[in-house]
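# Architecture and fold: a report
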Amino acid sequence: MLLVTSVIVKVIGAVYKIPLTAFIGAVGRGYFATAYNLYLPLHAVIMGAMPIALSRLVSKYNASDDKKMLSSLRKGSMSLFALIGVIGSLILVAAAKPYSVLIAASPDSVYTMLVLAPNLFFCCLAACYRGYYEGYLNMLPTSVSQTVEAVFKTVFGLLFAKICMAYMIGEYRESGMLFGNAFADEREALSFIYPFSSAAAMLGVTAGSLGSLLFVFIYDKINHPCLPYAAGRDGRRELFSFSLPIMLSCAVQSIFQFIDTASVQYALNCSALSSIRTMYSAPLELSQTLSRDTVTYVYGLFCTALDFKNLIPGITMALGVCAVPAICREYERKNFEKTASLINSIYKYTSLLSVFLSGFIFICAGDILKLFYGASSPDVVTGCEQLVKYFAITAPLYSFASSSVFFVQALGKPEKSVMPYVVSGIIRCVLNVTLVMNERFILNGAIISGAAGYFVMFIMNERYVKKLSRVRFLVKNILIKPAVIGIFSCFLSNFLFFKINFLQNLFVKLLIEMTIFGSIYCILCFFAKVLDFKEIFSMLNFKKNGLNT
């Protein structure tokens, strides 16, 4: 259920960015991305720790049928999540101005950051409900609330951005001024408008989180389990105690993620402007970007390409979220054989899914970008195609690293994932500064650094997983076979794609290309015995297996 929902949410998110980029341009996307650079570390610390910890503890006490502790966790988690949400929002407000001025060198992005701040509070409260029901292996609240959030974000984000752009452009064309400021031409006026339109679009993100919270609140009122009364203090204490090492792990990850993105921006700002304009001359000329907005524009291109890469680990992450309570249950029962089987199963399907998505995005990058941005922002197509291809090649590494972190947490040792984050973060930051400032790489250097850092993180986490669960990592079925199948599928599909180049409708062409690539990929998977029908039917037979896969 979560996997299907993740696909739906990611598709909605991708579709949302098409008209959004048309409204606010690549420069506006740069402001949008800058706000997220500050927001995401705080979001990751909270959302990467508290819901997972709550899910695992609910699964643990549900397995032992301890209803009083379940009641205590339910009551204690609400106040704890609310408090952390308030603190996170206040930190974001306090840090907005210093970050936008001193680090991002983009003072106007402060408006977008401030609009985003309440989002943390709403996300925290919604995550409390989600984590509680995930502990019972009930993924319905999480799935539906994520979909509601994506739909609300899309509808209200585009609506607010369009209203803002229409109003301000209308004011300029009528009076030649905006808020008492005169401009030499429309390009100057648009440069002034972009920060406000970006903030208006971000207001839709906050509306989406509020909609998600309202859904899970109503769902809980109707469906919450009947439990005996118990004070929430014990549950709150245990939840915080168990969350602390996960929060430390997520904090380390967030700090280095923050430094990672900041180092890319810093390196771009320190790079020779002439080198940047030379490498990205075609999209810069198409977009008519002002010289002073060059770095923000190029960073906006990078973040647009990053959206496509993030689709892959974003979808496969659903497998890891589902794995936490299931692996925890078997591990608590000392059923190491079943634990190892679950871990290898999640790894294999993470590999198969991520390689499939990576291969398709790699060979169809141009058509995908043209479908999304060809009409509204042709400069984005020109500037992002190569970046999207390179990101697609490295995306499976991010999926593996994400899964390995979930496994360490599910096995009750979240503190063990701290050191891999530290090592990975140092590698990424050092390589960012070294490679992004090199005129031969620029943004390509950030892709190399990310791949290297997350590969090391996966290797280090996998060593801990093997030690804790006694699982033997099946390299042949999990790594080698899917990689070879993906490469052969790309070659064979690329050959057949030439036969449909006459199609003018990009959407129809992409559907046919996906059908061709997917068919070849699945046939090769069955031929190589990576998949078999018996295993698939066994997975779908929930009652017989006793597991909610």
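My aim in this report is to walk through the structure given alongside it, one point at a time.

Right, let's talk about the overall build of the protein for a bit. Looking only at helices and strands, the protein has 19 helices and two strands in total. Here the protein has a C-alpha radius of gyration of 24 Å; the compact-globule value for 549 residues is 24 Å, and the two agree. Taken along its principal axes, the extent of the C-alpha atoms in the protein is 70 × 55 × 40 Å. Intrachain contacts of the protein at a sequence separation of at least 6 include 82% that bridge at least 24 residues.

Once that is clear, we can look at the side chain of Thr-289. Within the fold, Thr-289 resides in the loop between helix 10 (281-287) and helix 11 (294-332). Here the side chain of Thr-289 touches Ser-287 through a polar contact of 2.6 Å, side chain to side chain. Beyond its immediate stretch of four places on either side in the chain, Thr-289 contacts Val-27, Arg-187, Arg-277, Leu-284, Thr-294 and Tyr-297.

Judged by nonpolar contacts, the single largest core of 108 residues is most densely connected at Leu-268 and Tyr-280. Sequence-distant contacts of Leu-268, that is, excluding residues within four places in its chain, are made with Ile-276, Val-295, Val-298, Tyr-299, Val-436, Ile-442 and Leu-443. Membership of the second largest hydrophobic core comes to 49 residues, among which are Leu-42, Ile-46, Ala-49 and Tyr-61.

Take the environment of Phe-217 next. Mapped onto the elements, Phe-217 comes out in helix 7 (residues 186-223). The spatial distance from the C-alpha of Phe-217 to the C-alpha of Leu-125 is 9.0 Å, given a sequence separation of 92 residues.

Below, the discussion takes up the pattern of salt bridges. Per the stated rule, a full pass over the model turns up five salt bridges. One salt bridge connects Arg-74 with Asp-220, and the closest N-O pair in it is separated by 2.6 Å. Residue Arg-74 is found in helix 3 (residues 67-103), and its partner Asp-220 is found in helix 7; the two are separated by 146 residues along the sequence.

Before going further, it helps to spend a moment on the packing of aromatic side chains. Scanning the entire structure with this criterion turns up 25 aromatic pairs. Taking the centre distance of 5.7 Å and the plane angle of 75° together, the rings of Tyr-36 and Tyr-39 count as edge-to-face. Taken together, the residues span about one helical turn, with Tyr-36 and Tyr-39 both in helix 1 (residues 2-47) at a distance of three residues. Using a relative accessible area of 3% as the deciding quantity, one classes Tyr-39 as buried. Each ring, one from Phe-302 and one from Phe-391, has its centre 5.7 Å from the other, and the planes form 50°; the classification is tilted. Here Phe-391 lies in helix 13 (residues 378-410) and Phe-302 lies in helix 11, a separation of 89 residues in the sequence. An identical accessibility class is assigned to Phe-302 and Phe-391; each is buried. Through a chain of ring-to-ring contacts, three or more aromatic side chains come together here, namely Tyr-132, Tyr-133, Tyr-136, Phe-215 and Tyr-219. In this arrangement the basic side chain of Lys-309 is found over the ring face of Tyr-398, its NZ or CZ atom lying 3.7 Å from the centre. Over the ring of Phe-362 we find Lys-389; its NZ or CZ atom is 4.8 Å from the centre of that ring.

Before going further, it helps to spend a moment on a positive patch on the surface. A contiguous patch of positive charge on the surface is contributed by Lys-413, Lys-416, Arg-463 and Lys-467. Relative to the helices and strands, Lys-416 resides in the loop between helix 13 and helix 14 (418-436). Residue Lys-416 is classed as partly exposed on the basis of its relative accessible area, which comes to 34%.

Here is what the cut-offs are and how they apply
Residues numbered from 1 in each chain as written. Predicted model: local features only at pLDDT ≥ 70, side-chain atom pairs only at ≥ 80, totals over all residues. Heavy atoms only, no water. Helix = DSSP H or I, 4+ residues; strand = E, 2+ residues; numbered from the N terminus. Rg over C-alpha atoms; globule rule 2.2 N^0.38 Å. Contact = heavy atoms within 4.5 Å. Polar contact = N/O pair within 3.5 Å; in protein donor to acceptor, adjacent residues only side chain to side chain. Core = buried A, V, L, I, M, F, W, Y, C linked by side-chain atoms within 4.5 Å. Buried < 20%, exposed > 50% of the residue type's maximum accessible area, 1.4 Å probe, protein only. Salt bridge = Lys/Arg side-chain N within 4 Å of Asp/Glu carboxyl O. Phe/Tyr/Trp six-rings, centres within 6.5 Å; stacked < 30°, edge-to-face > 60°. Lys NZ or Arg CZ within 6 Å of the ring centre and 35° of its normal. Patch = residues over 30% accessible without salt bridge, like charges linked within 9 Å, V, L, I, M, F, W, Y side chains within 5 Å. Areas by Shrake-Rupley, 256 points an atom, 1.4 Å probe, with all protein chains shown as cover. Lys, Arg positive; Asp, Glu negative; His and termini not counted. Charge placed at Lys NZ, Arg CZ, Asp CG, Glu CD.

Note that every value here comes from positions in space, so none of it alone points to a role or purpose.
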